[in-house]
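# Structural description and commentary
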Amino acid sequence: MDAPALPAAKSPAAAARIATPRASRPRGLYDLTLPELEARVGELGFPAYRARQVWGWAYRQLARDYAAMPNIPAAVRDALTVAAPMTTLDPVRTLTADDGETIKTLYRTADGQLLETVLMLYPDRATVCVSCQVGCAVGCAFCATGLMGLARNLGAGEMVAQVVGAAREARERGRALTNIVMMGMGEPLQNYAETMRFIRIVHDPAGLDVGARRITVSTSGIVPKIDALAAEPLQLNLAVSLHAPNDALRSELVPINRRYPIAALMASVDGYIKETGRRVSFEYALMRGINDSDEVAHELAALLRGRLCHVNIIPLNPVDVLPYERPDPEGIERFAGILRAAGIPATVRYSRGLDIDAACGQLRAKEEAIRAAS
Ligand code: SAH
Ligand code: SF4
């Protein structure tokens, strides 16, 4: 997809106000695609190659500010400090678990909102779980983020800043960031334009260069946006949070199902598979006495039969104030066994046993889903 062209700016301050998702928040460096940065540098009266240099400093060297870009002339740095500021998120604190292999960062936005990002180090990859909204409007019955309602969408730059922060954390540990999952707070397909802008920025080969196949978009099932995603030129991984095989149950657990029921969702997923040739993942948070019976397992197998897909069974991570529980291990294995016997590839994703401060509860609750996707 082509990046939207920036209108001509009369001054650096005017340039900073252009293409702002909300009128009050200027687009910073992390909000811009490389062609947009080139345009902005040009508008400021400097040669476009300076944009590529800045891009390299920001995303290859992971420079924290313009002052840390020694081969960029001071005049360019000063102008960009106004026209494309680098400040986006303040890290409030960082917590580690799993022998240092799981690193969570709590960030504060410029307007005082709090959000979380998790970096997970595995032997073969390093995955960051990105938040795309503060809260979420979908309100799934078992999800801590859903309890909050939606405070606001995050801008692309606020998502990019999470990835840059995680890339720094990885580098400090001698590792490179390899994968991105959109499984933090929020519903990415209800913040579609900023999510796609974010993906184009982190995908750029001159910068962070995260391949499309290493980026997973997880959705509760926003059908028109799944259709839109299928038409994008990028071959992203799609994870659909199904959680139930029939409308009565799914509408209780995932309220958006009332607007986009299972038949419409499956038709949209089929379109995605046909268009992209990609295998789709179905996330299934298993809850005792809710969606874990043998009958439901058979119904799920019948629903998914014949589709290029994989089921990730995620034993629920209970949320303190919610009544849902995780089934016992035998129940979990039985459910998985029924799917497999019916020819549906299914993996049970057990928790890594996160044990970090309770304030990180929202992402703690999702850790298995994140692991399954990357
Ligand atoms: N809004 C998107 C992406 C963020 S949620 C979505 O719903 O897909 C990422 C995953 O975590 C989803 O599959 C979601 O259903 C799951 N999840 C949420 N709360 C959970 C919990 N308490 N236990 C296990 N998985 C949970
Ligand atoms: Fe929103 Fe996803 Fe949580 Fe549902 S599971 S409330 S869609 S973040």
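Residues numbered from 1 in each chain as written. Chains lettered and ligands numbered in written order. Predicted model: local features only at pLDDT ≥ 70, side-chain atom pairs only at ≥ 80, totals over all residues. Heavy atoms only, no water.

### Digging into the overall build of the protein
Within the protein, the regular secondary structure consists of 14 helices and twelve strands. Here the protein holds 374 residues, and 58% of them are scored as buried. Within the protein, contacts between residues at least 6 apart in sequence are counted, and of these 66% link residues at least 24 apart. Carbon and sulfur atoms form 52% of the exposed surface of the protein, whose accessible area is close to 14800 Å². (Helix = DSSP H or I, 4+ residues; strand = E, 2+ residues; numbered from the N terminus. Buried < 20%, exposed > 50% of the residue type's maximum accessible area, 1.4 Å probe, protein only. Contact = heavy atoms within 4.5 Å. Areas by Shrake-Rupley, 256 points an atom, 1.4 Å probe, with all protein chains shown as cover.)

### Thoughts on the layout of surface pockets
Space inside the largest pocket adds up to approximately 430 Å³. Forming the walls of the largest pocket are 21 residues, and the residues nearest its centre are R64, L89, P91, Y107 and R168. Listed by contribution, the elements that provide at least two residues to the lining of the largest pocket are β1 (89-97), β2 (102-109) and α6 (156-172). Ranked by residues supplied to the lining of the largest pocket, first place goes to α6 with six residues. Looking at the lining of the largest pocket, its residues break down into nine nonpolar, six polar and six charged. (1 Å grid on protein atoms, 1.4 Å probe; cavity = no way out; pocket = protein on both sides within 12 Å on 5 of 7 lines; lining within 4 Å. Points joined across faces, edges and corners; volume = space filled by probe spheres on them. Nonpolar A, V, L, I, M, F, W, Y, C, P; charged D, E, K, R; others polar.)

### Side note on the packing of helix α8 (residues 223-230) against helix α10 (residues 262-276)
Packed helices, taken two at a time, are described by the angle between their axes plus the distance between the axes. For the pair α8 and α10, the least separation of the axes is 9 Å and the interaxial angle reads 5 degrees. Considering the angle they form, α8 stands roughly parallel to α10. Mapping the contact onto sequence places V223, I226, D227, L229 and A230 in α8 and A264, L265, S268, Y272, E275 and T276 in α10. Residues of the contact of α8 with α10, tallied by class, amount to seven nonpolar, two polar and two charged. (Axes fitted to C-alpha atoms, helices over the stretch in contact; angles between N-to-C directions. Parallel < 35°, antiparallel > 145°, perpendicular 65-115°, else oblique.)

### Considerations on the nonpolar core
Core analysis: the biggest nonpolar cluster contains 116 residues, and F198, L236, F282 and L304 have the highest contact counts within it. Here this core spans two domains, since at least three of its residues come from each of domain 1 (27-87) and domain 2 (88-373). Apart from the residues within four sequence positions on either side, F282 is in contact with V240, L242, M266, V269, L304, C309, H310, V311 and N312. Counting residues in each nonpolar core, the second largest holds seven residues, with M120, Y122, V181 and A239 among its members. (Core = buried A, V, L, I, M, F, W, Y, C linked by side-chain atoms within 4.5 Å. Domains from an automatic or database assignment.)

### Examining the environment of A336
As for its position among the elements, A336 is in helix α12 (residues 329-341). For A336, the residues in contact, after removing those within four places along its chain, are I313 and V348.

### Some remarks on the confidence of the model for the protein
Scored by pLDDT, the protein comes out at a mean of 89, with 87% of its residues at no less than 70. Predicted confidence is poor over residues 1-21, with pLDDT under 50, and the contacts of this stretch with residues over four places away or in other chains come to 43 contacts. Confidence drops under pLDDT 50 across residues 353-361; counting only partners more than four residues distant or on other chains, this segment forms 21 contacts. (pLDDT = per-residue confidence, 0-100.)

### As for empty space enclosed by the protein
Taken as a whole and assessed by the stated rule, the structure comprises two cavities of 30 Å³ or more. Within this model, the second largest cavity holds a volume of roughly 50 Å³. The wall of the second largest cavity is formed by I103, T105, Y107, T117, V118, L119, Q162, G165, A166 and E169. Secondary structure elements with two or more residues in the lining of the second largest cavity: β2, β3 (114-121) and α6. With four residues, α6 is the largest single contributor of residues to the lining of the second largest cavity.

### Quick look at helix α4 (residues 74-83)
Owing to its 3.6 residues per turn, the α-helix aligns residues three or four sequence positions apart on the same side. Inspection of α4 places V76, A79, L80 and A83 among the buried residues, and these make up the whole buried set. One side of α4 carries all its buried residues, which in axial view fall inside an arc of 100 degrees. (Arc of directions from axis to C-beta.)

### Overview of the pattern of salt bridges
Under the counting rule described, the total for this entry stands at twelve salt bridges. In this structure, E38 engages R52 in a salt bridge whose closest nitrogen and oxygen atoms are separated by 3.6 Å. Placement of E38 in helix α2 (residues 34-43) and of R52 in helix α3 (residues 49-59) is noted, with a sequence separation of 14 residues between them. By relative accessible area, E38 is classed as partly exposed at 25%. One salt-bridge network, in which partners are shared between bridges, spans R27, D31 and E194. (Salt bridge = Lys/Arg side-chain N within 4 Å of Asp/Glu carboxyl O.)

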